[in-house]
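Observations on the three-dimensional arrangement
If you want the building blocks of each chain, they are given just below.
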Amino acid sequence: MKEIIMKKVIFFLIVFLVAGYGFVMKTQTGQDFFLDRLLKMMTQGQEQLLVDGLDVHVCGASSPLSMIDKAQSCVFVSAGDKSFVVDIGPGSPRVIRRLGLPLQNLEAVLLTHFHSDHISGLGDLNFNSWVSGRTKRMKVLGPSGVEQVVDGFNQAYSLSRRYRTSHHGADILPPEFSAMESKIIEPGVVYEQDGLVIKAFRVDHSPIEPAIGYRFDYKGRSVAISGDTVVTDEYQRAVEGVDLLLSDALSTVLVRKMSDALSANGNKRTAKLIGDVLDYHASTTNLVEMARLANVKQLAFYHMVPMPANPFMENIFRRGVPDDVVITDDGTRFILSANSEEIVIDE
């Protein structure tokens, strides 16, 4: 649907160029004519057709170490008419809106742990879902500590929520749905309804504890999302036979060289901060081997440390990584149709 709209926009831009740049740009009549038609095309038919199976969008592929303007740590998963968000890092609510993903039926947010690059978009996501017409409070699931995070966001946004309802009216923005509610979960089944089973599994992000990942199983298809972790036996068992594994991934070469360069230039503090991440993110090559042993059908990297900024950096990031491993970007989509083995990848 988004591709059709984009084609219409491109066609209209061509017509605009042919019709006369000067008329459209320099006259009020031309400006209004062009703007009205452009906005009509951009705002019509933004609802996506439901996928019979799992529909997965990466809405944050980057990490705090990256030097490019990309969103951080977020995956949007739809199973039929139910939608879930796994982590909600900086910039990811903007990506969700840009992609036109359905927020009015958001079932829950699933947090893996509470580093800022996994939670900082929570307030914006709650607001966006509320104004989209959500008819219940947004649920936020996570390990112990989630209640403190949600309480803090609710308090920080309490005045804003009150202002919005006062301005737009309780019939448009019902105050009873404006705040979030938290639920502490443990490893195991955390959601089971209408054929969808979501399991939480322990990961090792030491010294950060607790930390978990999530696995979705629905209509014979499956996807696992790691959060932040190193490779462990428990992680490998949790993703055994999964169709799609979205894992955080670290380039040991790039991180070490970044740390060494900073240290050589006298920036010992930042060099240490960067060097410290080596022991609590999974390296690309370790992930490739784990995915092979676990019979993962498709491995994809997200929340990359650091996210490659250009083809040269991507070539270094890919050292020792097979060509069929996907390096995601904001907006990368995976469609896993029900009772099939196909994975459609839209990059």
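Structure report, in brief. (Residues numbered from 1 in each chain as written. Predicted model: local features only at pLDDT ≥ 70, side-chain atom pairs only at ≥ 80, totals over all residues. Heavy atoms only, no water.)

Running from N to C, helix H4 (residues 92-99) and helix H6 (residues 122-131) cross one another at 30°; their axes reach a closest spacing of 8 Å. Judged by the angle between their axes, H4 and H6 are roughly parallel. Here H4 contributes Pro-93, Ile-96 and Arg-97 to the contact with H6, which in turn contributes Asp-124, Leu-125 and Asn-128. Residues belonging to the contact of H4 with H6 are distributed by class as follows: 3 nonpolar, 1 polar and 2 charged. (Axes fitted to C-alpha atoms, helices over the stretch in contact; angles between N-to-C directions. Helix = DSSP H or I, 4+ residues; strand = E, 2+ residues; numbered from the N terminus. Parallel < 35°, antiparallel > 145°, perpendicular 65-115°, else oblique. Contact = heavy atoms within 4.5 Å. Nonpolar A, V, L, I, M, F, W, Y, C, P; charged D, E, K, R; others polar.)

Let's shift gears to H4. Looking only at H4, the buried set comprises Ser-92, Pro-93, Val-95, Ile-96 and Leu-99. Looking down the long axis of H4, one finds its buried residues gathered within 160° of arc, a one-sided arrangement. Those residues of H4 that are exposed and aimed more than 90 degrees away from the buried face are Arg-97 and Arg-98. Directly beyond the C-terminal end of H4, a positive phi value near 70° is found at Gly-100. (Buried < 20%, exposed > 50% of the residue type's maximum accessible area, 1.4 Å probe, protein only. Arc of directions from axis to C-beta.)

Looking now at the layout of surface pockets. A volume near 250 Å³ is recorded for the second largest pocket. Forming the boundary of the second largest pocket are 17 residues, of which Arg-202, Val-203, Pro-210, Ala-211 and Ile-212 lie nearest the centre. Its residues assigned to classes, the lining of the second largest pocket comprises 8 nonpolar, 4 polar and 5 charged. (1 Å grid on protein atoms, 1.4 Å probe; cavity = no way out; pocket = protein on both sides within 12 Å on 5 of 7 lines; lining within 4 Å. Points joined across faces, edges and corners; volume = space filled by probe spheres on them.)

What follows is about the side chain of Ser-78. Turning to its location among the elements, Ser-78 is positioned in strand E2 (residues 74-79). Among the polar contacts listed, one links the side chain of Ser-78 to the side chain of Ser-83, at a separation of 3.1 Å. Not counting the four nearest positions on each side in its chain, Ser-78 is found in contact with Gly-53, Leu-54, Asp-55 and Ser-83. (Polar contact = N/O pair within 3.5 Å; in protein donor to acceptor, adjacent residues only side chain to side chain.)

On to unusual backbone geometry, then. Residue Pro-210 follows Glu-209 across a cis peptide bond; omega there is -5°. Mapped onto the secondary structure, Pro-210 falls in the loop between strand E8 (196-202) and strand E9 (212-218). A cis amide bond, omega -10°, links Val-305 with the succeeding residue Pro-306. One non-glycine residue with positive phi stands out, namely Ser-73, at about 40°. Within the secondary structure, Ser-73 is located in the loop between strand E1 (53-60) and E2.

Time to look at the nonpolar core. The nonpolar side chains of a soluble globular protein tend to be buried, and buried together. Counting residues in hydrophobic clusters, the biggest one holds 59 residues, and the most contacted among them are Tyr-214, Phe-216, Val-239, Leu-246 and Phe-301. With 5 residues, the top contributor of residues to this core is strand E12 (residues 298-305). The contact partners of Phe-216, leaving out residues within four places of it in the chain, are Leu-54, Val-77, Phe-84, Val-86, Leu-110, Leu-196, Val-197, Ile-198, Arg-221, Ser-222, Val-223 and Ile-225. (Core = buried A, V, L, I, M, F, W, Y, C linked by side-chain atoms within 4.5 Å.)

So far we have only geometry, and geometry alone does not tell us how the molecule works.
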